[in-house]
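What follows is the residue order along each chain.
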Amino acid sequence: MSLAGRVAVVSGAARGIGAATAATFAREGASVALVDCDADAVRATAAAIGGPSAAWPADVRDATAIADIMADVVGRFGRLDILVNNAGILRDARIENVTDADWDDTIAVNLEGVMACTRAAVPYMRAQGHGRILSATSVVARMGNFGQTAYAAAKAGIIGMTWVWARELGRHGITANAVAPGFIDTEMVKGIPPDVVEQMVGRTAARRLGRPEEVAAVYLFLASDAASFVNGAVVGVDGGLLL
């Protein structure tokens, strides 16, 4: 499923699903800009991927920096075809224990960061008449989860924004889709209490955690020409957790 000649920006690309997606895109011929607030880690990931890919250390909460990165990417590679909004954080707490700071940080990264990246990328996509906006929502946005008020709110917001962008941008050759992973073997999931993860694995038809590469494969399909008529979809990658 070739992405030869395409240029992608992947946020939250230092590790986990973001790193797997960047590596998958690069193997299929794309030039990839890896964005992450962990400067050392994202540079190491970009170096391991090799090829024309490169790291742009930045925090998605900094809208000015994100806009500069999109301009830099287009200046370096000549175009911008694919945006993967993957940056995210987790601040678990029961509703009575959710602090203003935890709420603000979660919404700023997981929701406002998606808005900032997409707003900065769309003008370039519109000008060239082609684009793929792919955003990480979560199974939690569709089923809820104990202690994840802020996370679920942000991820549900991503679904809403995806539907709006699909309607607004489809006529310009730009599709917008969301990917809703279940419990994937990443550092974020390792931060969840083990008994909770065990319960969720027990509720998953596949009876295991997913792998980052399995989510990356879905992003690859949605980024490819094969998915040109897929627009406004929320694709679950959850091993049957919602069954």
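Positions within a chain are numbered from 1, following the residues in the order the chain's sequence is written. This being a predicted model, a pLDDT of at least 70 is required before a residue's local features are given, and a value of 80 or more before pairs of side-chain atoms are given or counted; all residues contribute to the totals for chains, interfaces and linings. Excluding hydrogens and water, the side-chain values take into account all heavy atoms of the structure.

(A) Looking closely at the sheet that holds strand E1 (residues 7–11). Two strands pair if DSSP finds at least two bridges between them. Segments assigned H or I by DSSP are reported as helices when at least four residues long, segments assigned E as strands when at least two residues long, and all are numbered from the N terminus. Strand order in the open sheet formed by seven strands is E3-E2-E1-E4-E5-E6-E7, and the pairing between neighbours is parallel. A strand with exactly one partner marks an edge of an open sheet, and here the two such strands are strand E3 (54–57) and strand E7 (234–237). Taking each pair of neighbouring strands and ignoring which way they run, the sheet shows an average axis angle of 20°. By the bridge criterion, three bridges tie E1 to strand E4 (residues 82–85) in an arrangement that is parallel. Residue pairing for E4: Val-9 is matched across the bridge by Leu-83. Across the sheet, helix H9 (residues 212–223) lies against E4, strand E5 (131–136), strand E6 (174–181) and E7, angled at about 155° from E5, the strand it touches most. In this analysis an axis means a line fitted to C-alpha atoms, helices contributing only their contacting stretch, and an angle means the value between N-to-C directions, from 0 to 180 degrees. Pairs of residues are marked as contacts when any of their non-hydrogen atoms sit within 4.5 Å.

(B) Structural detail: the environment of Ala-30. Here Ala-30 shows up in the loop between helix H1 (16–27) and strand E2 (31–36). Sequence separation between Ala-30 and Ser-2 is 28 residues, and the spatial gap between their C-alpha atoms is 8.2 Å. The residues touching Ala-30, leaving out its near neighbours within four places in the chain, are Leu-3, Arg-6, Phe-25, Pro-52 and Ser-53.

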